[in-house]
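Each chain, written out:
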Amino acid sequence: MTSYGVAPEQDWNALGNEEFRTLVRSDFEQHYPAHLRYPSRRLLWSEQDDWYLRMARKGWIAPSWPVEFGGMGLAPAKLLIFLEEQERWGIARFQDHGIRMIGPVLIRYGTPAQQRRLLPPILRCEQRYCQGYSEPEAGSDLAGLRTTATPDGADWVVDGTKIWTTMAYDVTHMFLLARTGSAGAKQAQISFFLLDLAMPGVTIRKIRDMAGEEELCEVFLDRVRIPGDNLVGAVNQGWTVAKSVLGFERIHVGSPALPTSGLRLLEQVAGARGLADDTAFTDQIAGLRLDVEHLTAVYEEFALRLERGEELGPDVSMLKLWATETFQRIADLVIEVAGPAGGCAGAVELGGELVPVLSAYYRAKPSTIYGGSSEVQRNIIAKQVLKLPSA
Ligand SMILES: Cc1cc2nc3c(=O)[nH]c(=O)nc-3n(C[C@H](O)[C@H](O)[C@H](O)COP(=O)(O)OP(=O)(O)OC[C@H]3O[C@@H](n4cnc5c(N)ncnc54)[C@H](O)[C@@H]3O)c2cc1C
């Protein structure tokens with residue numbers, strides 16, 4: 001039993017890769033509710049809580065966290081298998097920033113007291129997080145954010161507006177950046193906080209997107225109190241913590257999961273349209289498959305670095321760029337191959353099946369914006385990786 005109350009079922013990394021894959025696959029196939037497979041929209045927590053609470057009880061909720069913190073401690077190859085099997089079986093994701101980002105951040109930057117207090121409720125899915133970085137005037141230029149946090153006794157008082165906050169209305173907590181200083185570089189005036197969204201002064205308003213869904217939100221913070229021990233890292237050192245979160249976000253978005261799901265849809269649409277053996281099509285899909293293979297190889301390299309406890313550098317931008325732009329090229333080809341159905345929203349009848357033709361497009365387009373847009377990733381690669389001179 002670990003200090004986090006989770007009994008590691010066994011050392012997963014001691015299993016062979018294929019043995020591990022078979023085990024995970026059969027669990028998913030036996031237990032994941034059929035009606036939740038491949039949802040064409042993001043599911044609410046209340047629609048999938050039974051599944052994730054089961055994963056939590058089983059000790060499978062945090063596959064990448066170290067075992068001593070209650071995770072499965074999977075090595076990169078095993079983690080990839082786990083994610084691939086989730087993706088293959090069409091398992092919906094919940095808003096799991098707590099698992100994907102805050103857990104790893106607290107393990108790296110949190111105090112032992114914060115780790116003991118904050119990690120267990122994340123593992124039990126009682127506390128689920130959204131990301132409060134972007135503001136109306138601060139997206140790509142994140143360091144220009146205007147939300148302020150002012151010390152007041154043992155607390156901080158936060159004022160400002162966050163925007164594009166995914167699923168804020170369906171989670172319990174937000175991690176956010178706020179300005180706590182006024183001297184020096186803009187980046188050196190920012191701190192990183194964890195906020196309970198039930199606090200007085202928080203107002204959440206939904207935003208409708210191009211697919212007609214309401215996943216994005218504006219979050220208004222009006223004299224909201226945050227206890228001092230919900231500051232992560234030192235005062236005015238939030239930029240370092242924030243960059244680390246972005247690294248986790250970029251490696252996650254950079255996993256082959258998204259483009260692999262796109263390839264599956266592409267094959268389905270091409271099959272339904274009788275194009276599976278068309279040489280022009282097979283040439284195109286072969287090129288895209290190779291791109292996904294390259295992505296997988298690079299992803300494994302970055303995942304290995306994380307496993308060794310290394311900080312991800314600016315080159316992780318390459319991964320995010322490659323994954324999302326490959327996904328976008330696949331999504332564009334889906335539309336082309338679908339013919340007249342390529343312009344229809346919702347599930348369209350193709351070859352006797354109902355197919356959500358535009359679902360990849362709806363996911364691919366925003367993936368080149370969130371977590372830092374493609375243009376911003378190219379700037380990072382040019383300046384910080386290739387050291388090219390500024391124009
Ligand atoms: C689906 C979705 C979900 C999101 N979820 C969240 C979330 O949960 N939490 C959160 O905090 N944010 C979230 N975001 C916000 C996202 O991080 C921002 O949209 C993104 O950082 C871009 O910022 P912006 O929208 O202000 O665009 P801007 O920064 O205004 O950029 C507009 C355009 O200008 C380009 N541009 C900007 N600066 C440069 C530059 N220096 N060089 C070249 N081109 C440049 C951009 O690439 C873009 O094309 C989400 C966004 C989307 C689309």
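Per chain, residues are indexed from 1 in the order of the written sequence. A pLDDT threshold of at least 70 governs which residues receive local features in this predicted model, and a stricter bar of 80 or more applies before side-chain atom pairs are shown or counted, although totals over entire chains, interfaces and linings include all residues. To get the side-chain values, all heavy atoms of the structure are used, and hydrogens and water are removed first.

K.L.:
Looking at this structure, I do not really get the packing of helix α9 (residues 316-337) against helix α11 (residues 374-385). What am I missing?
P.N.:
In a packed pair of helices, the relevant descriptors are the angle between the two axes and the axis-to-axis distance. Axis lines are fitted through C-alpha atoms, for helices just across the contact stretch, and the angle between N-to-C directions can take any value from 0 to 180 degrees. Labels follow the DSSP assignment, with helices taken as runs of H or I lasting at least four residues and strands as runs of E lasting at least two, numbered in each case from the N terminus. Across the interface, α9 lies against α11 with an axial gap of 9 Å and an inter-helix angle of 145°. Considering only the axes of α9 and α11, their crossing is left-handed. Residues Ser317, Met318, Lys320, Leu321 and Glu325 of α9 form the contact with α11, whose participating residues are Ser374, Gln377, Arg378, Ile380 and Ile381. Class assignment for the residues of the contact of α9 with α11 results in four nonpolar, three polar and three charged. Each crossing gets its handedness from the near helix: less than a right angle anticlockwise from the far helix is left-handed, clockwise is right-handed. The contact criterion used is simple: two residues touch if any of their non-hydrogen atoms lie within 4.5 Å. Any residue that is not Ala, Val, Leu, Ile, Met, Phe, Trp, Tyr, Cys, Pro, Asp, Glu, Lys or Arg is counted as polar, Gly included; the first ten are nonpolar and the last four charged.

K.L.:
Quick question: what am I supposed to make of the pattern of salt bridges here?
P.N.:
Between side chains of opposite charge, pairing is possible as soon as their charged atoms come close. By salt bridge we mean one thing: a side-chain nitrogen of Lys or Arg within 4 Å of a carboxyl oxygen of Asp or Glu. Counted according to the given criterion, the structure contains 22 salt bridges. Here Asp141 makes a salt bridge to Lys186, at a shortest N to O gap of 3.5 Å. A residue pair is termed long-range when its members are at least 10 positions apart, and Asp141 in the loop between β1 (129-132) and β2 (148-152) and Lys186 in the loop between β4 (173-179) and β5 (190-196) qualify at 45 residues. Exposed residues in this analysis have more than 50% of their type's maximum accessible area, buried residues have under 20%, and partly exposed residues fall in between, with area computed by a 1.4 Å probe over protein chains only. Exposure remark for Lys186: the relative accessible area of 39% places this residue in the partly exposed category. Each of the salt bridges in this network shares a partner with another, and the network as a whole consists of Glu18, Arg21, Arg25, Glu29, Glu85 and Arg88.

K.L.:
When you look at the site of the ligand in this model, what are you seeing that I'm missing?
P.N.:
Neighbouring residues of the ligand: 16 residues in total, closest Gln131, Ser140, Trp164, Ser373 and Glu375. Think of a polar contact as two N or O atoms within 3.5 Å of one another; within protein, one of them needs to be a possible hydrogen donor and the other a possible acceptor, and neighboring residues in sequence only count if both atoms come from side chains. Gln131 is positioned with one of its backbone polar atoms (N or O) 2.7 Å from a nitrogen atom of the ligand. Interatomic distance of 2.7 Å between a backbone N/O atom of Ser134 and an oxygen atom of the ligand. In isolation the ligand has 970 Å² of accessible area, and contact with the protein removes 63% of it. Partitioned by chemical class, the residues of the shell around the ligand number six nonpolar, nine polar and one charged. Residue ranges assigned to the domains are those given by an automatic or database domain assignment. Here the shell around the ligand gathers at least three residues from each of two domains, domain 2 (129-237) and domain 3 (254-385). Any residue with a non-hydrogen atom lying within 4 Å of a molecule or strand is treated as near it. Accessible surface is estimated by sampling points in the Shrake-Rupley manner with a 1.4 Å probe; for residues, cover comes only from the protein chains shown.

K.L.:
Teacher, can you tell me more about helix α7 (residues 257-272) here?
P.N.:
One full turn of an α-helix is made of 3.6 residues, so residues set three or four places apart face in the same direction. Multiply 1.5 Å by the residue count of a helix minus one, and that product is the helix's expected span. Taking 1.5 Å of rise per residue, 16 residues should cover 22 Å, and α7 covers 23 Å from first to last C-alpha, within 8% of that figure. The complete set of buried residues in α7 reads Leu258, Pro259, Ser261, Gly262, Leu263, Leu265, Leu266, Val269 and Ala270. Taken from the residues just after α7, Gly274 is the one with a positive phi, measuring 70°.

K.L.:
Which parts of the structure should I look at to understand the packing of aromatic side chains?
P.N.:
Working definition: an aromatic ring pair is given by the centre-to-centre distance plus the angle between the planes. Paired rings are identified among Phe, Tyr and Trp, the last through its six-membered ring, by centres lying within 6.5 Å, and are further divided according to the angle between planes into stacked (under 30 degrees), edge-to-face (over 60) and tilted (the rest). Considering all chains together, one arrives at 13 aromatic pairs under this definition. Between the aromatic rings of Trp12 and Trp60, the centroid separation amounts to 5.7 Å while the plane-to-plane angle is 85°, which identifies the pairing as edge-to-face. Here Trp12, found in the segment before α1 (17-31), pairs with Trp60, found in the loop between α2 (45-58) and α3 (76-88); they are 48 residues apart in sequence, far enough to count as distant. Note on accessibility: Trp12 and Trp60 belong to one class, buried. With 5.9 Å between their ring centres and 70° between their planes, Phe28 and Trp51 make a pair best called edge-to-face. Placement of the pair is Phe28 in helix α1 and Trp51 in helix α2, with a sequence separation of 23 residues. By way of ring pairs, the aromatic residues Trp12, Phe20, Phe28, Tyr32, Trp51, Trp60 and Phe82 are connected into one cluster. For a ring to carry a charge above it, either NZ of a lysine or CZ of an arginine must fall within 6 Å of the ring centroid while also lying within 35 degrees of the normal to the ring plane. Directly above the aromatic system of Tyr169 lies the positively charged group of Lys206, at a separation of 4.4 Å from the ring centroid. Directly above the ring of Trp322 sits Arg329, whose terminal nitrogen or CZ lies 5.7 Å from the centroid.

K.L.:
Before we go on, may I ask you to explain the nonpolar core in this structure?
P.N.:
Side chains of a nonpolar character, in soluble globular proteins, are inclined to be buried together. Within this scheme, the nonpolar core is defined by two criteria: the residues are buried Ala, Val, Leu, Ile, Met, Phe, Trp, Tyr or Cys, and they are joined through side-chain atoms within 4.5 Å. Ile61 and Phe192 are the most contacted members of the largest nonpolar core, which totals 66 residues. Ranked by the residues each element gives to this core, the list is headed by helix α6 (residues 238-253), at seven residues. Look past the residues within four positions of Phe192 in its chain and what remains in contact with it is Ile102, Tyr133, Phe175, Leu176, Leu177, Asn230, Leu231, Val232, Gly238, Val241, Ala242 and Val245. Counting residues in each nonpolar core, the second largest holds 25 residues, with Leu265, Leu266, Ile285 and Val355 among its members.

K.L.:
In this structure, what is going on with the domain arrangement of the protein? I would like to understand it.
P.N.:
Reports of interface size often rely on the accessible area that becomes lost once the parts have come together. Taken domain by domain, the protein holds domain 1 (12-94), domain 2 (129-237) and domain 3 (254-385). Here domain 1 and domain 3 have C-alpha centroids that lie 21 Å from each other. Defined in terms of a 1.4 Å probe, buried area is the accessible area two parts forfeit on being brought together, summed over both. Counting the surface domain 1 buries against domain 3, the share from its top three residues, Pro76, Leu80 and Glu87, is 61%. Applying the counting criterion to the domain 1 and domain 3 interface returns zero salt bridges. In this structure, the connection of domain 1 to domain 3 is made through zero residue pairs in polar contact (both at pLDDT 80 or more). Of the residues that constitute the side of domain 1 that touches domain 3, the class distribution is six nonpolar, one polar and two charged.

K.L.:
Help me out: how do you make sense of the pairing of β2 in this one?
P.N.:
When a strand is regular, its side chains alternate between the sheet's two faces. Bridging between β2 and strand β3 (residues 155-163) involves five bridges; their strand directions are antiparallel. Bridged to Thr148 within β3 is Asp159. Paired strands, as defined in this entry, are two strands with at least two bridges between them according to DSSP.

K.L.:
For this particular structure, what's the right way to read the environment of Ala234?
P.N.:
Within the element layout of this structure, Ala234 appears in the loop between β8 (231-232) and α6. Distance in space between the C-alpha atoms of Ala234 and Tyr109 is 9.2 Å, their sequence separation being 125 residues.

K.L.:
Is there a simple way to think about unusual backbone geometry in this case?
P.N.:
Note: most peptide bonds trans; most residues except glycine with negative phi. Backbone geometry at Cys125 places phi at a positive 65°, although glycine is not the residue there. Within the secondary structure, Cys125 is located in the loop between α5 (112-123) and β1. By relative accessible area, which is 3% here, Cys125 ends up buried.

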